[in-house]
Amino acid sequence: MSTDSGDGKARLAILISGRGSNMQSLLAACDSGQLAAKVCLVASNNPEAEGLPYAAGRGIKTISLDHRQFASRTDFETQLAKSIDDSGAEYVLLAGFMRILGESFVSRYQGRMLNIHPSLLPAYPGLDTHARAIANGDTEAGASVHFVTPELDGGPVMIQARVRIEPDDSSGKLAQRVLEAEHRMYPIAVAWLVEGLVSLQNGQCHWQGEAMPSPRLLGDIEASA
Ligand code: GRF
């Protein structure tokens, strides 16, 4: 996809609802040059999101659209899409964005919108992923980056990070270790997207035009770096 900022950098909108640590890792990757991109908008449905002042302090345009102030989901999403499009963003990155998005919004950004989810999808879509994995006696947890489709946490996965569950793990301790992997993984996935290495075709992840039989693994990528 072409970039319109004139500097060869892809334009990103990041959607958050809270802390925004994944947003920070994406910003750091833009700063370091790992990601040939710039963040042109950080948007939140939660006016109290801790990530908003951080982004604003970095001189990034921020917008908070409190979903409770809109008459309907469609009204909220129409305004959100307008803000994204007005910013010139080409790609939309969900980073702890806690609203389910409707079909029309999702199809508008099809193939250009990613989410990061703290489980080894398709296991544990939804909330409380780490507590559920521990309660089930799993030995492994992790995180996934996937294209967003109308099905909640159900889109094609391009990369996963696996994290061992230790016998004495609490969901908080596990979440912290998974989050560290998320921070390394999301910039890699976004770089693949903006460089055109990975794409969504016929509902499947493709790598340089070839259907991917399975998600790539962060551990393999880091081991070969
Ligand atoms: C992360 O665990 C992410 O996988 C999930 O929500 C959390 C957001 O954390 N979708 P942060 O706001 O990026 O710190």
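In this text, all values refer to a predicted model and were calculated from it rather than measured experimentally. (Residues numbered from 1 in each chain as written. Predicted model: local features only at pLDDT ≥ 70, side-chain atom pairs only at ≥ 80, totals over all residues. Heavy atoms only, no water.)

Draft legend 1. Spatial organisation of the site of the ligand. Near the ligand the following residues occur: Arg-19, Gly-20, Ser-21, Asn-22, Gly-96, Ile-116, His-117, Pro-118, Leu-179 and Glu-182. Within the contact set of the ligand, an oxygen atom lies 2.5 Å away from a side-chain nitrogen or oxygen of Arg-19. Interatomic distance of 2.9 Å between a backbone N/O atom of Ile-116 and a nitrogen atom of the ligand. For the ligand, the accessible surface in isolation is 360 Å², of which the surrounding protein chains cover 85%. The pocket occupied by the ligand, as judged from atoms lying within 2 Å of grid points, is the largest pocket. When residues of the shell around the ligand are traced back to their parent elements, those giving at least two are α1 (21-32), β5 (113-117) and α6 (171-194). Considered class by class, the residues forming the shell around the ligand number three nonpolar, five polar and two charged. (Near = heavy atom within 4 Å. Polar contact = N/O pair within 3.5 Å; in protein donor to acceptor, adjacent residues only side chain to side chain. Areas by Shrake-Rupley, 256 points an atom, 1.4 Å probe, with all protein chains shown as cover. 1 Å grid on protein atoms, 1.4 Å probe; cavity = no way out; pocket = protein on both sides within 12 Å on 5 of 7 lines; lining within 4 Å. Sits in = over half its atoms within 2 Å of the grid points. Helix = DSSP H or I, 4+ residues; strand = E, 2+ residues; numbered from the N terminus. Nonpolar A, V, L, I, M, F, W, Y, C, P; charged D, E, K, R; others polar.)

Draft legend 2. Examining the layout of surface pockets more closely. The calculated volume of the largest pocket comes to roughly 970 Å³. In terms of lining, the largest pocket is formed by 39 residues, of which the most central are Gly-96, Met-98, Ile-116, His-117 and Pro-118. Taken together, the elements giving at least two residues each to the lining of the largest pocket come down to α1, β5, α5 (129-135) and α6. Examining the composition of the lining of the largest pocket, we find that six residues originate from one element, α6, more than from any other. Residues of the lining of the largest pocket, tallied by class, amount to 16 nonpolar, 17 polar and six charged. There is about 230 Å³ of room inside the second largest pocket. Lining the second largest pocket are 16 residues, with Leu-121, Pro-122, Gly-155, Pro-156 and Val-157 positioned closest to its centre. Its residues assigned to classes, the lining of the second largest pocket shows ten nonpolar, four polar and two charged. (Points joined across faces, edges and corners; volume = space filled by probe spheres on them.)

Draft legend 3. Fine view of the sheet that holds strand β4 (residues 91-94). The strand order β3-β2-β1-β4-β5-β6-β7-β11 describes an open sheet built from eight strands, whose pairing is mixed. On the outer flanks of this sheet lie β3 (62-64) and β11 (216-217), each paired with one strand and no other. Along the sheet, α6 makes contact with β1 (10-16), β4, β5, β6 (140-147), β7 (157-164) and β11, crossing β7 at roughly 160°. (Pairing = 2+ DSSP bridges. Contact = heavy atoms within 4.5 Å. Axes fitted to C-alpha atoms, helices over the stretch in contact; angles between N-to-C directions.)

Draft legend 4. Layout of the packing of α1 against α6. Contact geometry for α1 and α6: axes closest at 9 Å, N-to-C directions at 50°. When the axes of α1 and α6 are compared, the pair comes out oblique. Crossing hand, α1 versus α6: right-handed. Of the residues in α6, those in contact with Ser-21, Asn-22, Ser-25, Leu-26 and Ala-29 of α1 are Leu-179, Glu-182, His-183, Tyr-186, Pro-187 and Val-190. Residue composition of the contact of α1 with α6, by class: six nonpolar, four polar and one charged. (Parallel < 35°, antiparallel > 145°, perpendicular 65-115°, else oblique. Left-handed = near helix turned anticlockwise from the far one by under 90°.)

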